[in-house]
Amino acid sequence: MRKEHLRTKGRKWGACGLVLAAALALGAAAPAPGDPPPPANLRPVAPAPPNPGTTAPNSTAPGATAPNATTPPAGTAPNAAKPGTAPAPGTAPAPAPGTAAGDVLVPGVPQDASAGPLDTPDQALAPVVYQPSSDEDRAEPAEAAADAYRLVEYVPASETAAKPGSCTAKTGPHQRQIERWLGLRADGRQSPADCAAIRKFQLAQHISPAIGFAGPVTWSRMQFLSARKNPNAAHKCPVKKTRVACVDLARQLMWVQTGKKVTFGPVPIRSGRASLPTRGGWHKIYWRHKNHWSTIYHQSMPYAQFFDGGQAFHAIYQSVYTTVGSQGCVNLTLPDARGLWGALRTGDGVYVWGHREGT
């Protein structure tokens, strides 16, 4: 009996050792201490939520936590974000392949380095779920800068110095699709007539620089405009009697529908990159946190609605039109994320299908 008791005790300590090792491994993966916080105007205005295991005024006890979740320092919002591979703050995302030897696509308008990193503080692990206090819930996330969501086309690096009003002779990666959308001859080769028609569209949609380049932002805008009347025309999102948040990775669009009626959207999104894709299939909104704060990346994740582990709908303070995807979350502009917050509830279904270009 004594030997059996010791063996059982040993097995318990062995399990604890494994848990301790896992916790140390997670701690070792933390980002470099030199990572700067975002600009002060991007910090959420909500008060800090309580630590897991405590009860804040006007709130209920925290709920169950996800496996491998870590406890943040006092005074910080709890989450269990796993460090990703975000670029250095203030740098542009990795350029997309160009259309000619030596060409790469870069933002056609210089980016403001003071706006913070273009990457996002998405979480790889599920957050610690708790009930926010009433004071926290009343607070609204900080507003985005006036030009945060400016439509900036990606163009060949050699075209960034193009004179205003000029027309590029370069063929873009979406040349044939854009020609077809505009009713031009879809031969996939740039011509003066093509450039003039593309440039006219860019000017009308306030896309910069308007040099007639058939790039990813122009094509994304066209797909959004085509989807506004009936985003589910292809019947890719299942029709249910209950609310469903539909996420179309191929077109980088999402909307909410009840039955065949679209109740929100469509709106443009940014989904996960090739190495950290947004997971497809059926999911469910299991936690909503209006003022979520990533203690790993020290950035706000406004109007976060978690649907699969650490993957969530949430706002970002930069453009959703980037050649590099998110780290798994579905990113929206702040106004769109706010609208989605009002359109969904805990328990609503989420259906994700398709593949983001390049993934």
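What comes next is a walk through the structure.

So, how was this worked out
Residues numbered from 1 in each chain as written. Predicted model: local features only at pLDDT ≥ 70, side-chain atom pairs only at ≥ 80, totals over all residues. Heavy atoms only, no water. Helix = DSSP H or I, 4+ residues; strand = E, 2+ residues; numbered from the N terminus. Buried < 20%, exposed > 50% of the residue type's maximum accessible area, 1.4 Å probe, protein only. Polar contact = N/O pair within 3.5 Å; in protein donor to acceptor, adjacent residues only side chain to side chain. Contact = heavy atoms within 4.5 Å. Disulfide = S-S within 2.5 Å. Salt bridge = Lys/Arg side-chain N within 4 Å of Asp/Glu carboxyl O. Phe/Tyr/Trp six-rings, centres within 6.5 Å; stacked < 30°, edge-to-face > 60°.

## Observations regarding the side chain of Ser 319
Phase 1: Note that Ser 319 resides in the loop between strand E12 (311-315) and strand E13 (330-332).
Phase 2: Here Ser 319 falls in the buried class, since its relative accessible area comes to 16%.
Phase 3: A distance of 2.9 Å separates a polar atom in the side chain of Ser 319 from the backbone nitrogen of Tyr 321.
Phase 4: Non-local contacts of Ser 319, meaning those with residues more than four positions away in its chain, are made with Ala 148, Tyr 149, Arg 150 and Arg 270.

## Observations regarding the state of the cysteines
Here a disulfide denotes a covalent bond joining the sulfur atom of one cysteine to the sulfur atom of another.
Phase 1: This model, assessed by the stated rule, comprises 2 disulfides.
Phase 2: The disulfide partner of Cys 167 is Cys 195, and the gap between their sulfur atoms is 2.1 Å. Every disulfide takes its handedness from the sign of the S-S torsion; for Cys 167 and Cys 195 that torsion is -115°, giving left-handed. Linking Cys 167 in the loop between strand E4 (154-156) and helix H3 (175-181) with Cys 195 in helix H4 (residues 192-204), this pair joins segments that are 28 residues apart in sequence.
Phase 3: By relative accessible area, Cys 167 is classed as partly exposed at 42%.
Phase 4: The disulfide partner of Cys 237 is Cys 246, and the gap between their sulfur atoms is 2.0 Å. Taking the sign of the S-S torsion, about -80° here, the bridge from Cys 237 to Cys 246 comes out left-handed. Summarising the burial analysis for this pair, Cys 237 and Cys 246 share the class buried.
Phase 5: Indicated for the protein is the disulfide connectivity 1-2, 3-4, based on numbering the bonded cysteines in sequence order.

## Side note on the pattern of salt bridges
For side chains bearing opposite charge, pairing can occur when the charged atoms are close.
Phase 1: Within this structure, the stated rule accounts for 7 salt bridges.
Phase 2: Arg 251 is the partner of Asp 248 in a salt bridge, and the nearest nitrogen-oxygen pair spans 2.7 Å.
Phase 3: In this structure Asp 248 comes out as buried when scored by relative accessible area, which is 5%.
Phase 4: With a closest N to O distance of 2.7 Å, Asp 308 and Arg 279 form a salt bridge. In this pair, Asp 308 is assigned in strand E11 (residues 299-308) and Arg 279 in the loop between strand E8 (261-268) and strand E9 (281-284), connecting sequence segments 29 residues apart.
Phase 5: Given a relative accessible area of 19%, Asp 308 falls into the buried group.

## Examining the packing of aromatic side chains
Phase 1: Per the stated rule, a full pass over the model turns up 9 aromatic pairs.
Phase 2: Considering the side-chain rings of Trp 255 and Trp 353, the 5.8 Å spacing of their centres and the 80° angle between planes classify their relative orientation as edge-to-face. With Trp 255 in strand E7 (residues 253-258) and Trp 353 in strand E14 (residues 349-353), the pair connects residues that are 98 residues apart, well separated along the chain. Here the two residues Trp 255 and Trp 353 agree in accessibility, since each one is buried.
Phase 3: A centroid spacing of 5.7 Å and a plane angle of 20° characterise the contact between Trp 287 and Phe 306, whose relative ring orientation is stacked.

Shape descriptors only; they carry no functional weight alone.
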